[in-house]
Amino acid sequence: MTTSRRDFIKTAGLAAGVVALPVALPSWISDVDAAESAVAAAVDKNALADIALSTARKLGVTYADIRINRYRTESISTREKQVLNVSRSQSFGFGVRVLFKGTWGFASSRDVTPEEVRRITRQAVEIARANSVYQRKRITMVPAPKVVASWKSGFEKDPFDVAIDDKIQFLLKLNERALKTSGVSFVNSSMGFVNEQKFYASTDGSRIDQYIIRANPNFNVTAVNRVNGDFQSRSSLGGPQGMGYEYMEKYPWLTEAERAGEEAVAKLKAKPIEPGKYDLVLHPSHLWLTIHESVGHPTELDRSLWWEADYAGTSFLTRDKIGKLQFASKMVNFIADRTQPGALATIGYDDEGVPGQRWHLVKDGLFVDWQTTRDLALMSPQKKSYGCLHADSWGSISFPRMPNVSLQPSAGNTSMDDLVAGVEKGILIYGDGSYSIDQQRYNFQFGGQTFWEIKNGKVGQMLRDVAYQSRTTDFWNSCDGLGGQASYEIGGSFNDGKGEPGQSNAVSHGCPVARFRQVNVLNTAAK
Amino acid sequence: MLLSEAEARALTQKVLGYVKADDATVSVGSENYSHLRFAANAFTTSGARENTTVGVTVWIDKKRGSSSTNEIDDDSLRAMVAQAQDLARISPVDREYMETLGPQVYNPVNGYAEATANISLHDRARAINDVIANCEKAGVIGAGFHQARGSASASATKNGNFAYERSSLVSLSTTARTPDGDSSGYFLRNHFDVAKLDVKRVSREAIRKALESRKPRTLEPGVYPAILEPQAVADLLGFFAFSFDARNADEGRSPFSLAGGKTKVGQQIFDERINIYSDPWNPELPGSQSAQSGIPAQRVQLVRNGVLKNLTYSRFWAKQKDKQPTPGPVNNIMESSMSPVSLEDMIRATDRGILLGRFWYIRGVDPRSALQTGLTRDGIWYVEKGKIQYPVKNFRFNQSLMQLLAPGNVDMIGVPERVGSAEGQGGSASLLPALKVKEFHFTSQSEAV
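Residues numbered from 1 in each chain as written. Chains lettered and ligands numbered in written order. Predicted model: local features only at pLDDT ≥ 70, side-chain atom pairs only at ≥ 80, totals over all residues.

Trainee: I tried to follow the overall build of chain B on my own but got confused; where do I start?
Mentor: Scanning chain B from terminus to terminus reveals ten helices and 21 strands. In terms of overall size, chain B behaves like a compact globule, its C-alpha atoms giving a radius of gyration of 24 Å where 449 residues would be expected to give roughly 22 Å. Out of the 449 residues belonging to chain B, those deemed buried represent 56%. (Helix = DSSP H or I, 4+ residues; strand = E, 2+ residues; numbered from the N terminus. Rg over C-alpha atoms; globule rule 2.2 N^0.38 Å. Buried ≥ 20, exposed ≤ 12 C-beta atoms within 10 Å, placed from the backbone.)

What follows is the structure, given as structure tokens:
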């Protein structure tokens, strides 16, 4: 990868500082286009919260919260020289969650009025009451301190203030650069932005306003060989970030698009991989996804308790393994962090008023802790919530979601070249590709975007049709080399799915370049 | 409350009244949604949502802009239209612009049941309590998800078309696990009519699969004959009818592409008994009355007797290629042109093979052959000499869908059943049969249960 890209990812997070703002009506609200936000701005959220919480209390709940949220999205997509779509959407509404006789109830509506808040609060209690008749195990929450605060994510340039025309021209220029290489047949590019304006109030006395911006640019270049019917694609290595429009301006998108065009064409002629065992050197643009699937998900406590058994699955990490299981080699440390600047799951407070925190999940290779929420905390060793509750909409019930989970770099200045130098027969992989992992997070298989042969300590020719398959603890225990801070980058998923009904979560994973020994590699080209 | 036809018409006309652009299409959707989830033999979350969303796409000098909102007071709707028009003015010309449709005649489908859209909280709580009680009685730990949705959707164009329809869906999935975590079973079914959702069957099958897959043995990965229950077929092929895009094939980036810019239309690509089509009026699987851009939906045959008959053309691509735009697909149906074979007969006819009920975490690996990877989950058995012999541990597979259905690989085809993709949580459905195939590629072992 180019130095410019590396430098960007390394420093971008640091530049995006977190701004703490005073309580009262957040000043940024007034900056939002007035016509677009008229309804939301006219709503007295505190007064509505009073109605919901007092109604719920009268009906006998032990806990209640109301979230009054407004979501704005913008999406622009193009292919080659044309614009496919430009759209904006907004969604405003509220949801009331109540705990009644140890049973959750939730109801929500788009009609944000005092009468509707009363009706919906009663409906939430009615749902909880109907189910509580048959409830077998009462749900218990750990307490959380009262919080009155406002918080704004660390973006520099609000993408909703940037002219659409500039964004369109940017993408068309990017397409032009990708198409520069002879043999490139197609390019699709897009950028999407999300703005969440969240208000939370609870029977704990908390009142929290948050304003969050996230960016999700992407492109994909395809080269088709018309003679033999073969085709190959190369997607962007730059992923979504918890940043504003500055991400579009500072990241080297155009050079990357040009390089992607060259690599898509080169992939058509690349050498097919010979299946077998290889040492792998994995670039952060690839490794973030392996971390997400094999470390992020199994350390979710709700999975270990079988609360996700019917959908996402359980976890091979059972509660008796805490402090005992050598999850990874000793050099490996994974930190969960909802305070990391520039990361997608960074928040001021979660959706039940618990502040964002930073803690070890894996320390010196040992599995040491879980991701927790207030209704899971009593089943964890620390008996505390780390602030992992999240709902993807005003109309969704909040439940445990993944914080940013990142692999820590080594203390020295180990570089990718240093790691490659220690490999006789291996593969260097960039970018995330096909991915699949079992429901307990043991067995996984990952592809990538580009693959390079490593022979006798040097990177050589391009390879194709590569995927590696391994078992989580075997893989992480085979890690024997980590890059230093200079190689650290943040990747992430904009739409991580979990739960029933399915919800989406945006989450980042930082990591340095890393080396793994003797991993099983397949050739994915079906004959 | 779902929007009535009169309310939806008034709302779309109001929005169109604000439009100053050359052309426009307005869409309205309202929904009542509720769920009850359980795990570890107790209720976990339960909730409800009511929402109405209005969206508009406009074209000014063939330049396009879209906007949507769920704030449906007059000022917000005006602001939404103004925003779409602003976006259109600054956008480049939409080279794929097609004039919106004038008045169309729709043949209605019957996919709505009032009792589903307004499900009784108490009946649901009792029904799921019974599922949990069955789990407790069988000594297994149950988890599952019941959801019910009523939807009303409408669309209208500046050129005078208006369409309105209601639909409903209820689904229940259940996972049963033995307390030691040694085995697991799963079953999912859905319907548009809550009276036709067989709750007892869902819990019975999930529990049976868990109990019958205890103490699984290790079997070497490799290529095995396999019997895929309808759920497993839905997990692999639940959206298959929607992947026959002509443009991708013409552009050389589809498993239906041929060298030299040609396509496989007219070729025998699948076993000669296989038929794949979409039929909006199938009584068990009603689709939408509207296909793309509001074209009245029609039956669309994609594969007949294994021959690729049609690819699907968008209105734009049809114009480029001098074809008719495809009035579908609006659902996904696969059936045999011969007499279907029961699952029991498939097992009886198996000398040596694998029986499996479900796949999980399926992702594309190579689009050229529609190669998919994923895992088996929640019950897999070794079959020999016409009998289920013993449960086996899960596998990862790498399997091309083109190879799966290819001539020579399909052995037997079952009775199509209404079944939804498990990864899709039963939120949609297909009519798909069990399949017995000669070769299925299991590539590694998975310890996961």
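Trainee: Before we go on, may I ask you to explain the packing of helix H1 (residues 5–18) of chain B against helix H2 (residues 74–90) of chain B in this structure?
Mentor: In a pair of packed helices, the angle between the axes and the distance between the axes together describe the arrangement. All names here are of chain B. Contact geometry of H1 with H2 gives a least axis separation of 9 Å together with a crossing angle of 50°. Between H1 and H2, the interaxial angle falls into the category oblique. Between H1 and H2 lies a crossing whose hand is right-handed. The residues of H2 that touch H1, namely those facing Lys-14, Val-15 and Tyr-18, are Leu-77, Arg-78 and Val-81. Residue composition of the contact of H1 with H2, grouped by class: four nonpolar, no polar and two charged. (Axes fitted to C-alpha atoms, helices over the stretch in contact; angles between N-to-C directions. Parallel < 35°, antiparallel > 145°, perpendicular 65-115°, else oblique. Left-handed = near helix turned anticlockwise from the far one by under 90°. Contact = placed C-beta atoms within 7 Å. Nonpolar A, V, L, I, M, F, W, Y, C, P; charged D, E, K, R; others polar.)

Trainee: I would appreciate a short explanation of helix H3 (residues 45–58) of chain A in the present structure.
Mentor: Working note: α-helix, 3.6 residues per turn, so residues spaced by three or four point in the same direction. Residues and elements named next belong to chain A. Between the first and last C-alpha of H3 there are 20 Å, a value that for 14 residues agrees with the 20 Å anticipated at 1.5 Å per step. Of the positions making up H3, those classed as buried are Lys-45, Leu-48, Ala-49, Ala-52, Leu-53, Thr-55 and Ala-56. With its buried residues spanning 160° around the axis, H3 presents them on a single face. Exposed side chains of H3 directed beyond 90 degrees from the buried face belong to Asn-46, Ala-47 and Lys-58. Considering only its buried residues, H3 is in contact with strand S2 (63–79), strand S3 (82–100), helix H4 (114–132), strand S6 (184–202) and strand S7 (207–225). (Expected span 1.5 Å × (residues − 1). Arc of directions from axis to C-beta.)

Trainee: Is there a simple way to think about the domain arrangement of chain A in this case?
Mentor: By a widely used convention, the size of an interface equals the accessible area lost when the partners come together. All names here are of chain A. Each assigned domain of chain A is listed here: domain 1 (17–230 + 237–241) and domain 2 (272–523). In this structure, domain 1 and domain 2 have C-alpha centres spaced 25 Å apart. Each side of the interface is counted separately: domain 1 has 36 residues, and domain 2 has 33 residues. For the side of domain 1 that touches domain 2, the secondary structure elements donating two or more residues are S2, S3, strand S4 (103–109), strand S5 (148–152), S6 and S7. Class assignment of the residues belonging to the side of domain 1 that touches domain 2 gives a composition of 16 nonpolar, 15 polar and five charged. (Domains from an automatic or database assignment.)

Trainee: Any chance you could explain the sheet that holds strand S12 (residues 358–363) of chain A here in plain terms?
Mentor: What links the strands of a sheet is backbone hydrogen bonding, and the strands pair in either a parallel or an antiparallel sense. All names here are of chain A. Strand order in the open sheet formed by four strands is S13-S12-S11-S16, and the pairing between neighbours is antiparallel. One side of each edge strand has no neighbouring strand; the edge strands of this open sheet are strand S13 (366–367) and strand S16 (404–407). Relative to S16, strand S11 (residues 334–337) is paired through four bridges, and the arrangement is antiparallel. In the sheet register, Ala-336 faces S16, and the bridge partner there is Val-405. (Pairing = 2+ DSSP bridges.)

Trainee: I tried to follow the nonpolar core on my own but got confused; where do I start?
Mentor: It is characteristic of soluble globular proteins that their nonpolar side chains tend to be buried jointly. Of all hydrophobic cores here, the largest spans 210 residues; its most connected members are Val-96, Val-98, Val-281 and Ile-427 of chain A. Apart from the residues lying within four places of it in its own chain, the contact partners of Val-98 of chain A are Ala-56, Val-61, Tyr-63, Ala-64, Gly-105, Ala-124, Val-125 and Ala-128 of chain A. (Core = buried A, V, L, I, M, F, W, Y, C linked by C-beta atoms within 7 Å.)

Trainee: Just to check I follow, could you spell out the domain arrangement of chain B for this structure?
Mentor: All names here are of chain B. Looking at chain B, the domain boundaries give domain 1 (5–212), domain 2 (222–238 + 338–445) and domain 3 (240–331). Centre-to-centre separation of domain 2 and domain 3, based on C-alpha positions: 24 Å. Of the residues lining the interface, 16 residues belong to domain 2; the matching set on domain 3 comes to 15 residues. Sorting the residues of the side of domain 2 that touches domain 3 by element identifies strand S18 (410–413) and strand S20 (430–432) as the ones contributing at least two each. Classifying every residue of the side of domain 2 that touches domain 3 by side-chain character gives twelve nonpolar, two polar and two charged.

Trainee: Even after reading the chapter, I still don't get the interface of chain B and chain A, so can you show me in this structure?
Mentor: Listed by partner, the interface residues are 82 residues for chain B and 74 residues for chain A. In terms of residue count, strand S2 (residues 42–60) of chain B provides more of the side of chain B that touches chain A than any other element does, eleven residues in total. Residues belonging to the side of chain B that touches chain A are distributed by class as follows: 25 nonpolar, 40 polar and 17 charged. One ladder, built from three bridges, connects S3 of chain A with strand S3 (residues 63–69) of chain B; its direction is parallel. Counterpart to Ser-89 of chain A in the pairing with S3 of chain B is Ser-68 of chain B.

Trainee: Any chance you could explain the confidence of the model for chain A here in plain terms?
Mentor: Caution applies to low-pLDDT parts of the model: their predicted coordinates are not meant to be read in detail. Per-residue pLDDT for chain A has a mean of 92; in total, 93% of the residues score no lower than 70. Within the model, pLDDT remains below 50 along residues 1–32 of chain A, and this stretch shows 52 contacts once partners closer than five positions in the same chain are excluded. (pLDDT = per-residue confidence, 0-100.)

Trainee: Where do I start with unusual backbone geometry in this structure?
Mentor: Glycine aside, residues mostly have negative phi, and peptide bonds are mostly found in the trans state. Going from Glu-500 of chain A to Pro-501 of chain A, the amide bond is cis rather than trans, its omega being -5°. Structurally, the position occupied by Pro-501 of chain A is in the loop between strand S24 (489–498) and strand S25 (503–511). In this chain, Gly-328 of chain B is followed by Pro-329 of chain B through a cis amide linkage whose omega measures 0°. Relative to the helices and strands, Pro-329 of chain B resides in the loop between helix H8 (315–321) and strand S11 (333–336). Of note in the backbone geometry, Trp-306 of chain A takes a positive phi value of approximately 70° without being a glycine.

Trainee: Could you clarify how one ought to interpret the confidence of the model for chain B in this entry?
Mentor: Scored by pLDDT, chain B has a mean of 96; 100% of the residues are at 70 or more. Across the interface, the model reports ipTM at 0.93; the global pTM reads 0.92.

Trainee: Explanation requested: the pairing of strand S22 (residues 466–471) of chain A in the structure shown.
Mentor: Along a regular strand, successive side chains alternate from one face of the sheet to the other. All names here are of chain A. Of all the six residues making up S22, five are buried; the element is thus mostly covered by neighbouring parts of the structure. As defined by bridge partners, strand S19 (residues 443–446) adjoins S22 across four bridges and the pair is classed as antiparallel. Paired with Phe-446 across the two strands is Tyr-468, which belongs to S22. As judged from the four bridges shared by S22 and strand S26 (residues 514–523), these two strands associate in the antiparallel manner. Opposite Ala-467, over in S26, you have Leu-522 as the bridge partner.

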